[in-house]
Amino acid sequence: ILCDASDNFQTRYLVNDYCHKNKKVLISAAINKFDGQVFNFNFKKKVPCFRCFMPIIPRDAVNCDNEGILPTVAGIAGTLQANEVIKTILNIKNDLIGKILIFNSLNMNFRKVKLTRNPNCVNLCLKK
């Protein structure tokens, strides 16, 4: 199980590609301002990868250096990541695999969105 909390797309792609190729579980989190996202990519199963979700780096990518973060958002994202790791180790049915959990710490809204495979993904996610 690898946990990714990197702050740039190049590193996220590198970790994603390694885990995909080696069929590892990747628990990834990202934060910005008051928002956070947590992903569970269990590449032992047929799930979309990070490149399916974000095939190219956005030109106007926001980052923590410019936008800042609320420190508690990092704590929330890290706690959710740790929870995903524990569920994976204990082999507990996991509803987050292949989905993204998006949360906003200002209004305390949480939602899950199912990820879809990109037919043009460089990791060939449709051919697994």
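Cut-offs used in this document
Residues numbered from 1 in each chain as written. Predicted model: local features only at pLDDT ≥ 70, side-chain atom pairs only at ≥ 80, totals over all residues. Heavy atoms only, no water. Phe/Tyr/Trp six-rings, centres within 6.5 Å; stacked < 30°, edge-to-face > 60°. Buried < 20%, exposed > 50% of the residue type's maximum accessible area, 1.4 Å probe, protein only. Lys NZ or Arg CZ within 6 Å of the ring centre and 35° of its normal. Pairing = 2+ DSSP bridges. Helix = DSSP H or I, 4+ residues; strand = E, 2+ residues; numbered from the N terminus. Axes fitted to C-alpha atoms, helices over the stretch in contact; angles between N-to-C directions.

## Observations concerning the packing of aromatic side chains
So, step 1. Under the counting rule described, the total for this entry stands at nine aromatic pairs.
So, step 2. Between Phe-39 and Phe-41, the ring centres sit 5.3 Å apart and the planes meet at 15°, which makes this aromatic pair stacked. Accessibility assignment for this pair places Phe-39 and Phe-41 in one class, buried.
So, step 3. Measuring from centroid to centroid gives 5.4 Å for Phe-103 and Phe-110, while their planes differ by 20°, and the two rings are stacked.
So, step 4. Exposure remark for Phe-103: the relative accessible area of 2% places this residue in the buried category.
So, step 5. The partly exposed category is assigned to Phe-110, whose relative accessible area is 41%.
So, step 6. Of the aromatic side chains, those joined through ring pairs into one cluster are Phe-9, Tyr-13, Phe-39, Phe-41, Phe-43, Phe-50 and Phe-53.
So, step 7. The lysine or arginine in question, Arg-51, covers the ring of Tyr-13, its NZ or CZ lying 4.2 Å from the ring centre.

## With respect to the sheet that holds strand 1 (residues 2-4)
So, step 1. Taken together, the five strands give an open sheet; going across it, the order is 1-2-3-4-5, and neighbouring strands pair in mixed fashion. Among the strands making up the open sheet, the edge pair consists of strand 1 and strand 5 (109-114). Between one strand axis and the next, the sheet turns through 15° on average, direction left out of account.
So, step 2. With three bridges joining them, strand 1 and strand 2 (residues 25-32) adopt parallel strand pairing. Note on strand 2: the bridge partner recorded for Cys-3 is Ile-27.

## A closer look at the pairing of strand 3 (residues 35-42)
So, step 1. The buried fraction of strand 3 amounts to six of the eight residues, a majority that puts the element mostly inside the structure.
So, step 2. Of the strand pairs in this sheet, strand 2 and strand 3 are connected by eight bridges, and their pairing is antiparallel. Bridge pairing in strand 3 places Leu-26 opposite Phe-41.
So, step 3. With five bridges joining them, strand 3 and strand 4 (residues 99-104) adopt antiparallel strand pairing. Within strand 4, the residue paired with Asp-35 across the bridge is Asn-104.

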